[in-house]
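Letter by letter, the chains look like this.
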Amino acid sequence: MSDSKQIVNHVEKLALLEISPEEKDRFSEQIGKILKFVEKLNELDTTKIKPTSHILPVQNVTRRDSPVPSISRENVIKLAPEANNEFYIVPPVIQEFQEA
Amino acid sequence: MNTDFEPVIGLEVHVQLNTKTKIFCGCSTKFGLLPNTSICPVCLGYPGVLPVMNEEVVRSAVKVCLMMDFMINTYSRMDRKNYFYPDLPKGYQISQFDNPIGVKGKLSIDTDEGKKEIGITRIHIEEDAGKLIHGDGVSYVDFNRTGVPLLEIVSEPDIRSSKEAYLYLKKLKQILEYTKISDCNMEEGSLRCDANVSIRPKGQAQFGTKTEIKNLNSFKFVQKALDYEIERQMNVLKEGGTISQETRLFDSGTGKTKTMRSKEEAHDYHYFPEPDLLPIMVSEGMIKEATFSLPEKPDDKCARFEKQYGLPAYDASVLTADPSTADYYEECAKFCSNYKMISNWMMGEWLRELNERSVSAVDSPVLAKDLAGLLNMIENGKISGKIAKEIFPEMVKTGKTAEQIVQEKGLTVISDTGAIETMIKEVLGKNEKSVQDYKNGKKGVLGFLIGQVMKASKGKADPKKVNELMEKILS
């Protein structure tokens, strides 16, 4: 299996997606192209550059610990694919056990 | 095969901070609100929102770092930990990965073999996930807890028994309570613990394969789960098997740990720096400010109680177990100078009342000043210790002071010399043999005779005076 095909399979599992075989072929090809481009970036010598996660010289942006009103439950919950008056409803999350 | 095994334990503790608002938004963190009423686009992770760090979270983290001798990282950063689970609306948890707020902390526990230092690998800031409620064929999600600030405190694998694990947790909780940054309420989930445990033949330097135990809702459960798991691992190895690295759940009903079968592949969190939040640079000034507001450390307070109030080590450790009990003691000590008597009463009657009501010292039904008042009445000979023990429950029930109760019930001590002398003479007349024994050198009967006088007075006679007069009359 090609590297990009393996990546697609791995991401499918991590992201809990279901991808059809046709889609897999298409995505593999696209991801392959992206990887190739990133490899190109690897040609650049960055040994003397510190890893940068923020480019602005700004730190410690904080806010006061004082409450502000939340939004109404009714308005948010109606955006959920499934909900009752109080809760979001999701497929059952049951942790499976086995005696050992 | 060498059957002498040694357990190696490391603990991960999550502590919820008691800030008023969530870590990145202004939603309230109050416990017990109606489901999904303390939520907003930020904590629900809607596109385009901007999380902003709660300043109190950084302040609390720095305080905890200082209380446990952590090395505070001057540059620390939030990272995204990516995974999918229904209680995580954004699809990632904002946490800290390679630049946590503090590293290399420590605390010391009192084992039977003396003090032992337990290393703490790291402490980092992160957000809590929502709560799942399992229903019939579906699960319900409450996002109120999503984004509540947490500190995760990860110990070194320095712990060698379930008892040490228990002591470590107790000490950690004590320090957190002193620092007042969390309610540390295990029932409400504000303190949670996972345990990593492996075993190895004694003397072997290399660690064995570890398992991780989750679902530990109390310190007692941690100890029980570890005991079970250590035993289980030993049996597996003795039978020639191997331990598989896995997550196990503790079932408090059976006292056993069970494999948690996971459908997911090995965790692959793809950590990367959180682009929406700026780095945290802890400055000298922030450390100074935090230092200024730090409480006396529990061990220091305990040592001071021994010295300042002349208390035995045991008393000092009981009275300083939590900060509110220690404060209560010191408040009493302002009004009553018999420090050992305060200690005895607090560890006895007082603690019993609190435990019966399951309240902490802050909610003591009797004010410190009033307990001191009661004890002063004993000190001044106005009431006997026995009467005091009858008065105390009355104080608890009615909230009245000892003075008031004594007056209302006419419980004042009889300290009138004439009246006591009459009682003594009466008792001596009825116990001629004991009097003879006393005169023949059997000094022990004195206690019996005094007891008889106290009984005759229904406990109201001033015991000091009875003692004095008795010796005088008998000599």
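So, how was this worked out
- Residues numbered from 1 in each chain as written.
- Chains lettered and ligands numbered in written order.
- Predicted model: local features only at pLDDT ≥ 70, side-chain atom pairs only at ≥ 80, totals over all residues.
- Heavy atoms only, no water.
- pLDDT = per-residue confidence, 0-100.
- Helix = DSSP H or I, 4+ residues; strand = E, 2+ residues; numbered from the N terminus.
- Contact = heavy atoms within 4.5 Å.
- Buried area = accessible area lost by both parts, 1.4 Å probe.
- Salt bridge = Lys/Arg side-chain N within 4 Å of Asp/Glu carboxyl O.
- Pairing = 2+ DSSP bridges.
- Right-handed = clockwise from strand over helix to strand, strands pointing away.
- Axes fitted to C-alpha atoms, helices over the stretch in contact; angles between N-to-C directions.
- Parallel < 35°, antiparallel > 145°, perpendicular 65-115°, else oblique.
- Left-handed = near helix turned anticlockwise from the far one by under 90°.
- Buried < 20%, exposed > 50% of the residue type's maximum accessible area, 1.4 Å probe, protein only.
- Lys, Arg positive; Asp, Glu negative; His and termini not counted.

Here we come to the confidence of the model for chain A. All names here are of chain A. In this model, chain A carries an average pLDDT of 86, and 92% of its residues clear a pLDDT of 70 or more. Considering each helix and strand of chain A separately, the mean pLDDT is smallest for strand β3 (residues 96-98), with a value of 45, and largest for strand β1 (residues 62-63), with 96. Predicted confidence is poor over residues 96-100, with pLDDT under 50, and the contacts of this stretch with residues over four places away or in other chains come to 15 contacts.

Contacts between the two partners involve 59 residues from chain B and, on the opposite side, 39 residues from chain A. Carbon and sulfur atoms supply 58% of the area that chain B and chain A bury against each other, a total of about 4,400 Å² over both sides. Between chain B and chain A we count one salt bridge in total. For E55 of chain B, the salt bridge goes to R64 of chain A, with nearest N and O atoms at 3.7 Å. Secondary-structure elements contributing two or more residues to the side of chain B that touches chain A are β2 (53-54), α1 (55-67), β9 (131-134), β10 (139-142), β14 (247-251), β15 (256-261) and β17 (280-281) of chain B.

In this section: the pairing of strand β13 (residues 211-216) of chain B. All names here are of chain B. Pairing analysis gives four bridges linking strand β12 (residues 191-201) to β13, with the strands arranged antiparallel. If you follow A195 over to β13, its bridge partner there is I213. Examined bridge by bridge, β13 and β14 share three bridges and lie parallel to one another. The residue bridging I213 from the neighbouring strand is R248, located in β14. Handedness of the crossover joining β13 and β14 through helix α3 (residues 219-238): left-handed.

As a further point, take the sheet that holds strand β5 (residues 79-82) of chain B. Across the sheet, three strands lie side by side as β6-β5-β16 (chain B); this open sheet has antiparallel pairing. Each edge of the open sheet is held by one strand with a lone partner, namely β6 (92-95) and β16 (272-273) of chain B.

Neighbouring strands of a sheet are bound in pairs by backbone hydrogen bonds; such pairs are parallel or else antiparallel. On the basis of which strands lie adjacent, the open sheet formed by three strands has the order β2(A)-β10(B)-β9(B) and antiparallel pairing. Looking at the sheet topology across the chains shown, the edges are occupied by β2 (88-90) of chain A together with β9 of chain B. When the angles between neighbouring strand axes are averaged without regard to direction, this sheet yields 35°. One ladder, built from three bridges, connects β2 of chain A with β10 of chain B; its direction is antiparallel. Bridging across to β10 of chain B, I89 of chain A finds its partner in Y140 of chain B.

Further remarks concern the packing of helix α7 (residues 323-335) of chain B against helix α9 (residues 368-379) of chain B. All names here are of chain B. Two elements in contact, α7 and α9, have axes separated by 8 Å at closest approach and are oriented at 45°. With respect to each other, α7 and α9 are oriented oblique. As α7 runs across α9, the sense of the crossing is right-handed. Seen from α7, the contacting residues are Y328, E331, C332 and F335; seen from α9, they are A368, K369, L371, A372 and N376.

This next bit is on the side chain of D87 of chain B. All names here are of chain B. Structurally, D87 is set in the loop between β5 and β6. For the buried D87, which has no salt bridge, the nearest side chain bearing the opposite charge is R145, at an N-O separation of 5.4 Å. With residues near it in sequence (within four places) discarded, D87 still touches A129, G130, L132, V141, F143 and T146.

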